[in-house]
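The lines below spell out each chain.
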Protein chains: 2
Amino acid sequence: MVDAPRTPAPTIYDVAKVAGVAPSTVSRAFARPGRVNADTAARIRAVAEQLGYRANPIARALSTSKTRMIGLMVSDVANPFYAELIRGAQMAASEEDYVVVLADAQESGALEREALERLLPVVEGIVIGSSRMSELALRSIAKQVPLIVLNHALGDIPSVVTDNRAGARAAVAHLRDLGHTSITYVAGPEASWTDGARWRALHDTARELGLQTRRVGPVVPTFEGGLGIGDEVLADGATAVVGYNDLVAIGIMAAARRARMRLPQDLSVIGFDDILTARLTTPPLTTVAAPIRFMGATAVRNLLAVLHGAKPRAGQAYVLPVKLVVRGSTAQRNRNRTSPALGTTSVSGSAS
Amino acid sequence: MVDAPRTPAPTIYDVAKVAGVAPSTVSRAFARPGRVNADTAARIRAVAEQLGYRANPIARALSTSKTRMIGLMVSDVANPFYAELIRGAQMAASEEDYVVVLADAQESGALEREALERLLPVVEGIVIGSSRMSELALRSIAKQVPLIVLNHALGDIPSVVTDNRAGARAAVAHLRDLGHTSITYVAGPEASWTDGARWRALHDTARELGLQTRRVGPVVPTFEGGLGIGDEVLADGATAVVGYNDLVAIGIMAAARRARMRLPQDLSVIGFDDILTARLTTPPLTTVAAPIRFMGATAVRNLLAVLHGAKPRAGQAYVLPVKLVVRGSTAQRNRNRTSPALGTTSVSGSAS
DNA sequence: TTGAAAGCGCTAACAT
DNA sequence: ATGTTAGCGCTTTCAA
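The next subject is the environment of Val269(A). All names here are of chain A. Its location among the elements puts Val269 in strand S9 (residues 268–273). Remark: the alpha-carbon pair of Val269 and Ala314, spanning 45 residues in sequence, is separated by 36 Å. Setting aside its immediate chain neighbours within four residues, Val269 contacts Val241, Ala249, Ile252, Met253, Leu285, Thr286, Ser329 and Thr330.

A few words now on the protein's contact with DNA strand C. Residues in close proximity to DNA strand C total 26 residues, the closest being Ser27(A), Arg32(A), Tyr53(A), Thr25(B) and Arg28(B). For DNA strand C, the backbone portion of the atoms within 4 Å of the protein, that is sugar and phosphate, comes to 62%. Ser24(B) has a polar side-chain atom sitting 3.4 Å from a base nitrogen of DNA strand C. Between DNA strand C and Asn37(B), the relevant distance is 2.7 Å, taken from a phosphate oxygen to a main-chain nitrogen or oxygen of the residue. Taken together, the elements giving at least two residues each to the surface near DNA strand C come down to helix H1 (12–19), helix H2 (23–31) and helix H4 (57–64) of chain A together with helix H2 (23–31) and helix H4 (57–64) of chain B. Its residues placed into classes, the surface near DNA strand C shows ten nonpolar, eleven polar and five charged.

This next bit is on the sheet that holds strand S12 (residues 323–325) of chain A. All names here are of chain A. The mixed open sheet is built from six strands, whose spatial order is S7-S6-S8-S9-S10-S12. Each edge of the sheet is formed by a strand with only one pairing partner; in this case those strands are strand S7 (212–216) and S12. Looking at each pair of strands side by side, their axes are set apart by 20° on average, direction ignored. Alignment of strand S10 (residues 286–289) against S12, held across three bridges, turns out to be antiparallel. Pairing of Val288 across the sheet is with Leu324, part of S12. Here helix H10 (residues 223–235) sits on the sheet in contact with strand S6 (182–186), S7 and strand S8 (240–243), set at roughly 145° to S7.

Residue and element names in this part refer to chain A. Where H1 contacts helix H3 (residues 38–51), the two axes come as close as 9 Å, and the packing angle between them is 120°. Judged on the interaxial angle alone, H3 and H1 are oblique. Here the hand of the crossing between H1 and H3 comes out right-handed. Here Asp14, Val15, Val18 and Ala19 of H1 come into contact with H3, specifically with Arg43, Ile44, Val47, Ala48 and Leu51.

This paragraph deals with the nonpolar core. Among the nonpolar cores identified, the biggest contains 113 residues, and Val186(A), Ile252(A), Leu267(A), Ile70(B), Val186(B), Ile252(B) and Leu267(B) are the most heavily contacted of them. When sequence neighbours within four positions are dropped, the list of residues in contact with Ile252(A) reads Val186(A), Gly226(A), Leu227(A), Ile229(A), Gly230(A), Val233(A), Val241(A), Leu267(A) and Val269(A). Core analysis: the next-biggest nonpolar cluster, separate from the first, contains 48 residues, Leu138(A), Met73(B), Val123(B) and Met133(B) among them.

Further remarks concern the pairing of strand S5 (residues 159–162) of chain A. It is a general feature of regular strands that their side chains alternate between the two faces of the sheet. Residue and element names in this part refer to chain A. With burial as the criterion, each face of S5 is covered, one bearing Ser159 and Val161 and the other bearing Val160 and Thr162. Relative to S5, strand S4 (residues 147–150) is paired through two bridges, and the arrangement is parallel. In the strand pairing of S5, Val149 is matched with Ser159. Pairing between S5 and strand S11 (residues 318–320): three bridges, direction parallel. Bridge pairing links Val160 to Tyr318 in S11.

On to the domain arrangement of chain A, then. The extent of an interface is frequently quoted as the accessible surface area lost upon association of the parts. All names here are of chain A. In terms of domains, chain A is made up of domain 1 (13–44), domain 2 (69–162 + 292–320) and domain 3 (164–291 + 324–346). Domain 2 and domain 3 are separated by 29 Å when their C-alpha centres are compared. Both sides of the domain 2 and domain 3 interface together cover about 1,100 Å² of buried area, and 62% of this is carbon and sulfur. The three residues of domain 2 that bury the most area against domain 3 are Pro80, Thr162 and Ile292, which together make up 44% of that side's buried surface. Counting across the interface, domain 2 meets domain 3 through zero salt bridges.

Before going further, it helps to spend a moment on the interface of chain B and chain A. Taken together, the contacts link 56 residues of chain B with 57 residues of chain A. Here chain B and chain A share an interface that buries about 4,600 Å² over both sides, 65% of which is from carbon and sulfur atoms. Counting across the interface, chain B meets chain A through six salt bridges. Of all elements in the fold, only H4, helix H5 (80–95), strand S2 (99–104), helix H6 (109–119), helix H7 (135–144) and helix H11 (246–258) of chain B reach the threshold of two or more residues within the side of chain B that touches chain A. No other element matches H5(B), which puts seven residues into the side of chain B that touches chain A. In the side of chain B that touches chain A, the residues fall into 34 nonpolar, nine polar and 13 charged. Bridge count between strand S2 (residues 99–104) of chain A and S2(B): three bridges; the pairing is antiparallel.

Moving on, we come to helix H12 (residues 292–307) of chain A. With 16 residues, H12(A) ought to run about 22 Å at 1.5 Å a step, and its terminal C-alpha atoms sit 23 Å apart, in line with that. Positive phi appears at Gly309(A), one or two residues downstream of H12(A), with a value of about 110°.

What follows is about the relation of the copies chain B and chain A. Both copies of the chain are related by a screw-like operation: a rotation about an axis and a shift along it. Turning chain B through 180° and shifting it by 0.0 Å along the axis lays it on chain A, with an RMSD of 0.2 Å. Taken together, the rotation angle and the small translation identify this as a two-fold axis. By C-alpha distance to the rotation axis, the residue of chain B lying nearest is Val101(B), at 2.2 Å. The residues that chain B uses at the interface reappear at the interface of chain A in 100% of cases, marking a shared surface.

Reading the values: rules and limits
Residues numbered from 1 in each chain as written. Chains lettered and ligands numbered in written order. Predicted model: local features only at pLDDT ≥ 70, side-chain atom pairs only at ≥ 80, totals over all residues. Heavy atoms only, no water. Helix = DSSP H or I, 4+ residues; strand = E, 2+ residues; numbered from the N terminus. Contact = heavy atoms within 4.5 Å. Near = heavy atom within 4 Å. Polar contact = N/O pair within 3.5 Å; in protein donor to acceptor, adjacent residues only side chain to side chain. Nonpolar A, V, L, I, M, F, W, Y, C, P; charged D, E, K, R; others polar. Pairing = 2+ DSSP bridges. Axes fitted to C-alpha atoms, helices over the stretch in contact; angles between N-to-C directions. Parallel < 35°, antiparallel > 145°, perpendicular 65-115°, else oblique. Left-handed = near helix turned anticlockwise from the far one by under 90°. Core = buried A, V, L, I, M, F, W, Y, C linked by side-chain atoms within 4.5 Å. Buried < 20%, exposed > 50% of the residue type's maximum accessible area, 1.4 Å probe, protein only. Domains from an automatic or database assignment. Buried area = accessible area lost by both parts, 1.4 Å probe. Salt bridge = Lys/Arg side-chain N within 4 Å of Asp/Glu carboxyl O. Expected span 1.5 Å × (residues − 1). Least-squares fit on C-alpha atoms with pLDDT ≥ 70 in both.

Spelled out as structure tokens, the structure:
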């Protein structure tokens, strides 16, 4: 029953004829209520209703170049982090009656470019969540269409990031309070701006609070990434580890468990972001929670503001507050912990 | 740097002028290569390239009503199941140079309708993953635009579903092989077609293989849903439970753990779908794996086929094969298991 | 093979 | 307040 409608959809001309007015009046009645007599407007609406008239957004877009669509580019739709982000963006967009066109870079810079090309002529603006493209390429896009970038503070492109500094500080302080004296950080993608920010902040605060730090990796920011580097982390006698993100942290926990360590007694683990899954692990993950959904919404709202004429605030990223959520994966340092039974880990998997 | 482009984008007129041909020839050169002399075509392409000409999809859409966009409606973007689905759809779409417009029903039938309205005039066809609308409403949509529905076999609308029957059979057989004699099924949303299919299949096969069944719920299909009904499940002395989906199953595991039961020795748990998270729990979840990504791709491919003129195959759903993935959450039945320490569970959360 | 011209449905001056 | 008249950029007859 997937037939085309038998009658072509009614247009403003049809409505105009029946209502006995000019097409432009019908147009006004919808596009700019108030610029038309209340009575005529009412009549027009009535006729429109009766005829089942629906404005054609394509035609409107052609003459106004307003498509009421914004593009959302993510580097991996399957990543739970982006799922939340998408929802936030989605909500903010529909609040203003915009629709979001989704593009998935699948972790490839080339695909990202390509997808962006396809998006460009259709959308009024673009939100990019963690790009795999060069800053140069980003700037080139920004020249063509309003753009807002997530998780990456660039000087001249509006961006929204989380307060990694405060997050790292909270994590370090928490671990110190638990008696830990040394922290191992498992690094994410080298190209990741966020990774740099987190490590630096962690390192600085640790020094400030008198803790040691060690950095391993980088790994792909997935469960497999964390799992794969688990042995290396444990071999060194780490008692507290902070993962680049939740997925990595969860991978580390899995590795620890395989090595027969007890969690969290033998090893404290902290993640970043607080994806939904963080709550479901055993033990549930202590993590620096980011307002992911809010990030998506903030990005879209600001983009929309720019589209409505606001001056884009470049030069200074919007930084969103984070908060440490203490769950079960962190505990008092155990001085005579079970030593890990290493060498049992095998890995397979892909990037994120 | 979010300025509008200083020069308006070049059009076919610009290209035509420089190439010394008529605009319509330029149009043909792109829209219908072959219907134009090879040399002129080459010249046109060269000029276009040099001018940086890009066809305007909006204008094209206005005269052809082909937007090269398809709508994808999900009932909850944040649900990992849909994340995978989206990716599949996304990939299939871009293979044919289509773009996907995402809409999120946020579990509300009303929002779903509304979002659909917004989508309708813009897309060439729609894929709906698990609708919250009535079949009547669905049929009404199907009248207006090619539609394909997931996880819900309707007589007269093309649909793709998984082989719940085979999945349930595999689950039951597995549990029987482990010595279980009774299975508790935790039901999902009443309105869910899938829930009905799963329960019926489970029930039938169990009877056939000589096992008892019991059905509890319905619950919202989330971790919280499973967690919340955990006590009820355990109180009855269940040794094997099958959840409506993975999230529910994982919730049950959490409840069991809170009740101090050992997993999987004291309780075997099986889920449905095999979302990414299923691998990350402790123990990792045994589940009836659905080819989620493939489902999304299949839906889109079939939709595209219809758009290209194929006759929609209604009346018989595409059913996709599933397979039982045995991981750590199922084990031999334990005749003298630890009895659960109930009454410790508190719940909060929302639907999925 | 190519060009001229008429739309696609709507918006936006410019008149009245 | 409303009507007239050009477009927006592309496709598509219809002629040449």
